[in-house]
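Topology and contacts: notes
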Amino acid sequence: MAPRILAVAEVADGSLTKLSTEVATVARQLAEAAGGEALGLVVDASPDAAAQELATYLPTVIAVTNPAVTSEVVAPHVVAAVAKLIEEGVTHVVLGVTPDGRDVAGSLVGLTGLGLLANADTVTWQDAGPVTHASVLAGKAVTSSTLTGDRGIVTVRPGGVTAEPAASAGTVERRDATAPAVPAAKVLDRVAEAGAEVSLEDAKVVVVGGRGVGGPDGFRIVEELAQALGGVVGATRASVDAGWIPYARQIGQTGRVVKPELYLGLGVSGAMQHRVGMQASKAIVIVNRDPDAPMAEVADLFVVGDLFEVVPALTAEIRARKGG
Amino acid sequence: MQILVLTKPVPDPAAGAERLGADFRLDRAASPTVVNGNDEYALEAALQLVEAHGGEVIVLSMAPANAAETMRKALAMGATRGIHVTDPALEGADMPTTIRVLAAEAKAEPFDLLLAGIDTSDGMGGAVAAGVAAQLGLPLLSSAASIEPIRETETVRVKRLSAKGYDVIEAPMPAVVACTQALGAPRYPSLKGIMAARSREIASRSLADIGPDVAPPGGWATKVLEAEPPSARAAGRVVREPAADAAREIADFLADRRII
Ligand SMILES: Cc1cc2nc3c(=O)[nH]c(=O)nc-3n(C[C@H](O)[C@H](O)[C@H](O)COP(=O)(O)OP(=O)(O)OC[C@H]3O[C@@H](n4cnc5c(N)ncnc54)[C@H](O)[C@@H]3O)c2cc1C
Ligand SMILES: Nc1ncnc2c1ncn2[C@@H]1O[C@H](COP(=O)(O)O)[C@@H](O)[C@H]1O
């Protein structure tokens, strides 16, 4: 039986998320390697624009128009659409590691009993199934895992593959929504908060303030440096727990996983739970007054010094070089 | 109100002794264990809800026989009693089996809210809460930053963290809530709590008690093929200089890499 591999896409403000383009690329590459078929799914109140975009990556896209997602959480509605496609012969489901992606994956495992290969950095097709490569145990090992049956679910982390459109665009098939397979919670309000809206995952430069920053005032010099570099501010759990910065900025095991061109850590010790969220960064620069801080194990450049002296000097230096 | 909290004993991340065994599965004897970090936040939220509304907090774990000791730490924080599912046949259980076992146990224990952590530090699947909710046919409220039960309407309202801030979501109880650390830091067990926990019940349950059909006849749905250490980074450079010189060094480094 030739595999049929489904990429489940997510929509934000009417368009496809970046991770969805990567998920679509993974599904298509797997299908090519397996001699199978790749398809995509978008569920939204008005899915057309996102579905057209998804079709640049995949030969077939199912666009489910579902007005309920404006007033209910989306996952149960996506689960209903995926469950139907599994009934129709989809063998493998690929999703992104996001809050909704995890909810959909977990619900599907609960409903169908299918196996889950979670948090893949990369996925290859070997023999008869997908093999996922994932970082486990706080970065101590990289495992290769596979399904024992011929069907299953895979979730992929951001940045594992580079999104690549297909040689030719696919077709979009429109469908009506089916009733959710699991009860959906109502959405009463959507609240935007200052400081939460930046996308850490998409940033080229991430400047992180740890406990060493000392307080909300200290984050001001972190913010200034990030601005001079055109980057965004991230945080450790210590600075989030202290209430200096919103949880949305936390990097690490229980926060976001980032892979920027530059990670600049200020007053960050480098606990394993933090490092799993940043150690794949291209360049790592650290300012810490303790030369024995564990970050020294991964830093390309480790400056031993007081961040309150080094950071303002660095911001001034960068502004001067940029001619500002 | 009755609150069931899923708590998983995991290797203590602070001990740094986690190891994979010969079968590439976690060697659970290699490291001291603690209650999974996110589950402590869930437990704290449960304890505060019961303090405000009355009722009981029950912790439910599926774990090796020696995990009862770790569960006792959850009781010392204030949980009323524990349920410990343990069976050699569940060693290395896959995600669908874990979900079926926990859902089956939860079904036998009437609750208003079932709380779980958003994910585990040893597995990081982040799938169990959603899976249990789906198995039980209950609503899932995930990425919770606050939990507010509303008695009059028999519903629960949750602030769900979103990419932009948060959504306020609501569903009828009983419901399943997946908890984040944004709920607020867990308490330390008091000496009184530690003493009281000694006499609290941890009921031990085997696969036979639950129904053997929760474990698949054909073996687990996933398997680990191999494990390797991560590829090492080249050794970095360490500089100790006055701030102005250090700033120039960093700027040169960034310029070399065309970041500025
Ligand atoms: C289950 C679990 C999950 C976790 N998940 C995460 C996670 O997702 N993300 C995360 O970050 N952490 C996480 N942690 C916490 C983690 O273990 C560490 O406690 C945390 O990362 C430490 O943050 P920090 O580096 O800011 O603080 P610290 O470890 O206290 O380090 C502060 C550093 O600042 C330096 N410093 C102080 N003052 C100055 C100065 N003036 N100039 C220069 N340097 C200075 C110090 O030398 C020190 O190295 C988790 C823990 C657990 C148990
Ligand atoms: N074996 C287990 N026993 C009890 N609770 C568990 C177990 N596995 C997972 N959980 C719960 O499910 C949450 C998510 O786990 P996971 O999906 O494995 O990352 C955890 O934070 C726990 O609350």
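To keep things clear, this report deals only with the structure shown in the data block.

Cut-off values and rules
Residues numbered from 1 in each chain as written. Chains lettered and ligands numbered in written order. Predicted model: local features only at pLDDT ≥ 70, side-chain atom pairs only at ≥ 80, totals over all residues. Heavy atoms only, no water. Near = heavy atom within 4 Å. Polar contact = N/O pair within 3.5 Å; in protein donor to acceptor, adjacent residues only side chain to side chain. Areas by Shrake-Rupley, 256 points an atom, 1.4 Å probe, with all protein chains shown as cover. Helix = DSSP H or I, 4+ residues; strand = E, 2+ residues; numbered from the N terminus. Nonpolar A, V, L, I, M, F, W, Y, C, P; charged D, E, K, R; others polar. Patch = residues over 30% accessible without salt bridge, like charges linked within 9 Å, V, L, I, M, F, W, Y side chains within 5 Å. Salt bridge = Lys/Arg side-chain N within 4 Å of Asp/Glu carboxyl O. Buried < 20%, exposed > 50% of the residue type's maximum accessible area, 1.4 Å probe, protein only. Pairing = 2+ DSSP bridges. Axes fitted to C-alpha atoms, helices over the stretch in contact; angles between N-to-C directions. Expected span 1.5 Å × (residues − 1). Contact = heavy atoms within 4.5 Å. Buried area = accessible area lost by both parts, 1.4 Å probe.

Some thoughts on the site of ligand 2
All names here are of chain B. As a structural note, the neighbourhood of ligand 2 is formed by 20 residues, with L6, D39, M62, G126 and A127 the closest of them. Within the backbone of G125, one N or O atom sits 3.2 Å away from an oxygen atom of ligand 2. Here G126 contributes a backbone N or O atom positioned 2.8 Å from an oxygen atom of ligand 2. Considering ligand 2 on its own, with 470 Å² of exposed area, one finds that the protein chains cover 97% of that surface. Looking at the shell around ligand 2, the elements that each hand over two or more residues are β4 (56-62), α3 (95-107) and β6 (113-117). Taken together, the residues that form the shell around ligand 2 break down as 9 nonpolar, 8 polar and 3 charged.

Re a nonpolar patch on the surface
Residue and element names in this part refer to chain B. The grouping of L191, I194 and M195 at the surface amounts to a nonpolar patch, some 310 Å² of accessible area in total. Position of I194 relative to the elements: it lies in helix α5 (residues 191-198). In this structure I194 comes out as partly exposed when scored by relative accessible area, which is 36%.

Section: the sheet that holds strand β10 (residues 141-147) of chain A
Each strand in a sheet pairs with another by means of backbone hydrogen bonds, the pair being arranged parallel or else antiparallel. Spatial strand order, β8(A)-β9(A)-β10(A)-β12(B): 4 strands in an open sheet with antiparallel pairing. One side of each edge strand has no neighbouring strand; the edge strands of this open sheet are β8 (122-126) of chain A together with β12 (222-228) of chain B. Averaged over neighbouring strand pairs, the angle between their axes works out to 30° when direction is ignored. Here β8(A) runs beside strand β9 (residues 129-136) of chain A; their pairing, made up of 5 bridges, is antiparallel. Note that in β9(A) the partner of A:V123 across the bridge is A:T132.

Points about helix α5 (residues 216-229) of chain A
The first and last C-alpha atoms of α5(A) sit 20 Å apart over 14 residues, in line with the 20 Å expected at 1.5 Å per residue. If you check which residues of α5(A) are buried, you get A:G218, A:F219, A:I221, A:V222, A:L225, A:A226, A:A228 and A:L229. Buried-residue contacts for α5(A) involve β14 (205-209), β15 (232-235), α6 (237-241), β16 (262-266) and α8 (307-321) of chain A together with α7 (243-256) of chain B. Note on α5(A): the residue one or two positions beyond its end, A:G230, has a positive phi of about 65°.

Some words on the interface of chain B and chain A
The partner chain A presents 81 residues to the 80 residues of chain B that form the contact. Approximately 6500 Å² of surface area, both sides summed, lies buried where chain B meets chain A, with 59% of it carried by carbon and sulfur atoms. Our count for the contact surface shared by chain B and chain A stands at 6 salt bridges. Note that A:R321 and B:D252 form a salt bridge whose closest N and O atoms lie 2.9 Å from each other.

Describing the sheet that holds strand β1 (residues 2-6) of chain B
The strand order across the open sheet built from 10 strands is β13(A)-β9(B)-β8(B)-β7(B)-β10(B)-β6(B)-β1(B)-β4(B)-β5(B)-β11(B), with neighbouring strands paired in mixed fashion. Each edge of the sheet is formed by a strand with only one pairing partner; in this case those strands are β13 (186-192) of chain A together with β11 (202-205) of chain B. When the angles between neighbouring strand axes are averaged without regard to direction, this sheet yields 25°. Across 5 bridges, β4(B) lies against strand β5 (residues 81-85) of chain B in parallel orientation.

Shape is all these values report; function is a separate question.
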